[in-house]
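Next come the chains, spelled out residue by residue.
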Amino acid sequence: MSWRDQFGHVARTIETVFPNEKALEELFALGRPLRVKYGIDITSTSVTIGNGVPLRILRRFQELGHTAVLILGDFTTRVGDPSGRDATRPVLGRAEIEANMESWLDQMGVILDLDQTEVRRNSEWLDALTPEEMVGLAGQLTVAQMLERDSFQKRYGSGTPIHLHEFLYCLFQGYDSVAIESDIELGGSDQLFNISMGRTLQKNAGQKPQVCITNPLLEGIDGSKKMSKSLGNAIGVQEAPKDMFGLATRVPDEMVRRYFELATDVADDEIDRLLATGDIWEAKKQMAGAIVTRYYDAETAMREREAFEKVFKQKELPDDIADFAVADSPVGIANLVRDAFGLSGGEARRLVQQGAVSIDGAKVADPKSNVEVAGGEVLKAGKRKFARLVREA
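First things first, this report covers the structure right here in the doc. The numbering scheme is per chain: residues are counted from 1 as the chain's sequence reads. Since the coordinates come from a predicted model, pLDDT governs what is reported: local features require at least 70, and pairs of side-chain atoms require 80 or more to be given and counted, while whole-chain, interface and lining totals use all residues. With hydrogens and water set aside, each side-chain value is computed from the structure's full complement of heavy atoms.

Looking at the overall build of the protein chain
Now for step 1: Helix and strand labels come from DSSP, where a helix needs a run of H or I of at least four residues and a strand needs a run of E of at least two; each type is numbered from the N terminus. For the protein chain, the helix and strand inventory stands at 18 helices and 13 strands.
Now for step 2: With the C-alpha coordinates of the protein chain rotated into their principal frame, the extents come out at 70 × 50 × 40 Å.
Now for step 3: The burial tally for the protein chain puts 48% of its 393 residues in the buried class.
Now for step 4: By definition in these notes, contact holds between two residues if any of their heavy atoms fall within 4.5 Å. In the protein chain, once contacts between residues fewer than 6 apart in sequence are set aside, the share between residues at least 24 apart is 71%.
Now for step 5: A total of about 18400 Å² of accessible surface is found on the protein chain, and carbon and sulfur atoms cover 49% of it.
Now for step 6: His is not counted here, nor are the chain ends, while Lys and Arg score as positive and Asp and Glu score as negative. Positions of charges follow a simple convention, taking NZ of Lys, CZ of Arg, CG of Asp or CD of Glu. Computed over 48 positive and 60 negative side-chain charges, the inter-centroid distance for the protein chain is 3 Å. Buried residues are those whose accessible area, probed at 1.4 Å on protein chains only, stays under 20% of the maximum for their type, while exposed residues exceed 50% and partly exposed ones sit between those limits. The Shrake-Rupley method, run with a 1.4 Å probe, gives the accessible areas here. Residue values count only the displayed protein chains as cover.

Overview of unusual backbone geometry
Now for step 1: Cis geometry marks the peptide bond from Phe 18 to Pro 19, where omega comes out at 15°.
Now for step 2: Secondary-structure assignment places Pro 19 in the loop between strand 1 (16–18) and helix 2 (21–28).
Now for step 3: Following Ser 329, the chain continues into Pro 330 via a peptide bond in cis, with omega recorded as 5°.
Now for step 4: Within the chain, Glu 181 stands out as a residue other than glycine whose phi angle is a positive 55°.
Now for step 5: With respect to the secondary-structure elements, Glu 181 resides in the loop between helix 10 (164–180) and strand 5 (184–188).
Now for step 6: We note that Asp 360 has phi near 50°; this positive angle belongs to a residue other than glycine.
Now for step 7: Within the fold, Asp 360 resides in the loop between strand 9 (357–359) and strand 10 (362–363).

Considerations on the nonpolar core
Now for step 1: Counting 66 residues, the largest nonpolar core has Ile 49, Ile 184 and Tyr 259 as its most contacted members.
Now for step 2: The element best represented in this core is helix 15 (residues 280–295), accounting for 7 residues.
Now for step 3: Apart from the residues within four sequence positions on either side, Ile 184 is in contact with Leu 24, Leu 27, Leu 34, Arg 35, Val 36, Lys 37, Phe 61, Gln 210, Val 211 and Ile 213. What is meant by a nonpolar core is a set of buried Ala, Val, Leu, Ile, Met, Phe, Trp, Tyr and Cys residues, joined one to another through side-chain atoms within 4.5 Å.

A closer look at the pattern of salt bridges
Now for step 1: The term salt bridge refers to a pairing of a side-chain nitrogen on Lys or Arg with a carboxyl oxygen on Asp or Glu at a separation within 4 Å. Enumeration over the complete set of coordinates arrives at 24 salt bridges.
Now for step 2: Put simply, Glu 63 and Arg 59 hold a salt bridge, and the shortest N to O gap is 3.7 Å. Of the two residues, Glu 63 and Arg 59 are both situated in helix 3 (residues 52–63); the distance of 4 residues between them amounts to about one turn of the helix.
Now for step 3: The exposure class of Glu 63 is partly exposed, given its relative accessible area of 48%.
Now for step 4: One salt bridge connects Arg 338 with Asp 339, and the closest N-O pair in it is separated by 2.8 Å.
Now for step 5: Connected via shared salt-bridge partners are Arg 35, Glu 118, Arg 120 and Glu 124.

Describing the sheet that holds strand 9
Now for step 1: Pairs of strands are assigned from DSSP output, requiring at least two bridges between the strands. Strand order in the open sheet formed by 5 strands is 7-13-12-9-10, with mixed pairing between adjacent strands. Two strands lie at the open edges of the sheet, namely strand 7 (322–326) and strand 10, each paired on one side alone.
Now for step 2: Here strand 9 runs beside strand 12 (residues 378–381); their pairing, made up of 3 bridges, is antiparallel. Residue pairing across strands places Ser 358 opposite Lys 380, the latter belonging to strand 12.
Now for step 3: On top of the sheet, helix 17 (residues 333–341) reaches strand 7, strand 9, strand 12 and strand 13 (385–391); it is set at about 85° to strand 12, its chief contact. To get an axis, fit a line to the C-alpha atoms, keeping to the stretch in contact for a helix; angles then go from 0 to 180 degrees between the N-to-C directions.

Shown next, in the form of structure tokens:
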């Protein structure tokens, strides 16, 4: 069987195989368990369904009998990944990274078989590098090679500062591949430069260069920016099923196929059938249900759909919901509640903290959250406060 046949519908979430698919087939032909690396920086407290795309690919390798090597980037998080960024990323300290890591494995265990996963921290080998070894590592890359990166080109051309430590990030990520002797590395499409650096460093170290597999980046429910909890456009893998369903229904119509393909297990022909009917609202609810099914089960998904339709399809909302114009998006949820209902800042924050605030049925419980407003969403606070959000022209 070809690798695509072995991967089934998961193959549609693979965007690039570098240097080519022949190299991947040759690895499979070795007839031994392959070491498949996926590294992730601990930049927040939440694992999203966007993170779930490469994690699902890694899980499929596990199911095929290969060794999943999950690298928690406790060292590289302190450096900051410049991939796809037009400014320096804020760097987290050790204490904050450790606090974030507490919940990450539990969340990733929703997807991976952690009992069969080799979990490593890259501080194991990167903290141990001597100054001489660090200089030797830096000597394997030229400034010209670094400036080939699209994000660095843009920043250099615009005069935006590029700090020297940012040049080191791809070297550290590449050195991870040397340290664990990976056969394959997974990552988002914005990681191809970093993953390719692993091939260079492995070759220089006398190892066979790894094959690089990238996946498309899943946009958030706003349909534009990369999914991120800090942007208020994310769906967490441990989101309550009610909120997971509600958030998924807020995805723009043009993004429904992409969410079907990257975030669900629905077969390709069934996706085509649902979208061919022209009933995008029904397709969107099917997609939302498929996401809940993936992380919970089909019974839970059906229950949440019924509850959702009871409120929204059967119009169990006030008939006289007032419009509230929103000038900027994203907007802080506490400020939004305060202004929409004429409350004090303290009252608004308390309502959010009490779990009494939702947008289109999806609860927002962090008063520091920022939420995207496309227009048409129903903001609810408490039992009787409703506002229909509209965007100012």
